[in-house]
Amino acid sequence: MSQEDVERSQEFRKCIECFLCQDVCHVVRDHEENKAAYAGPRFLMRIAELDMHPLDAAAEQGLDRGRTAQDEHGLGYCNITKCCTEVCPEGIRITDNALIPLKERAVDRKYDPLVWLGSKIRRRSS
């Protein structure tokens with residue numbers, strides 16, 4: 001494990017859980033119907049932190065955090081306006097360093113034909 005790998009998720013550990021990002025998120029605030037389907041930036045940032053950590057063994061256990069974030073926690077509702085990043089008192093770049101990479105990984109895993117083929121081959125050999 002290299003220090004560079006650890007530093008990617010280390011930024012999110014500065015979160016003081018003030019939930020200002022949740023309060024300002026217009027996806028939740030302006031659309032009552034989204035509250036049940038969208039977990040919000042704080043929770044999704046935690047998923048991204050775990051997904052980026054070099055010692056996370058979830059993939060080995062068959063857990064796809066990106067797909068879970070997409071399917072069960074409403075990652076697709078985030079439209080990347082960066083309002084959560086702007087209000088963070090700790091200066092955490094929630095959108096750029098957590099939400100966008102998480103969305104990219106979720107889309108890659110779901111729609112990339114090479115990733116799909118690789119998952120089928122791995123399943124067959126298990």
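Notes on the structure follow. These numbers come from a predicted model, not from an experiment.

All right, on to the environment of Cys 25 then. Within the secondary structure, Cys 25 is located in the loop between α2 (20-24) and α3 (26-29). The exposure class of Cys 25 is buried, given its relative accessible area of 5%. Put simply, Cys 25 and Cys 84 are 59 residues apart on the chain and 6.1 Å apart in space, counted from C-alpha to C-alpha. When near neighbours in sequence (up to four residues on either side) are disregarded, Cys 25 contacts Tyr 38, Pro 41 and Cys 83.

A few words on the side chain of Thr 95. Structurally, the position occupied by Thr 95 is in helix α7 (residues 94-111). The class of Thr 95 is buried, set by a relative accessible area of 1%.

What follows covers the environment of Glu 49. Residue position: Glu 49 is located in helix α4 (residues 41-52). Sequence spacing of Glu 49 and Arg 8 is 41 residues, and the spatial spacing of their C-alpha atoms is 8.1 Å. When near neighbours in sequence (up to four residues on either side) are disregarded, Glu 49 contacts Ser 9, Phe 12 and Arg 13. A distance of 3.3 Å separates the side chain of Glu 49 from the side chain of Arg 13, its partner in a polar contact.

Definitions and limits used
Residues numbered from 1 in each chain as written. Predicted model: local features only at pLDDT ≥ 70, side-chain atom pairs only at ≥ 80, totals over all residues. Heavy atoms only, no water. Helix = DSSP H or I, 4+ residues; strand = E, 2+ residues; numbered from the N terminus. Buried < 20%, exposed > 50% of the residue type's maximum accessible area, 1.4 Å probe, protein only. Contact = heavy atoms within 4.5 Å. Polar contact = N/O pair within 3.5 Å; in protein donor to acceptor, adjacent residues only side chain to side chain.

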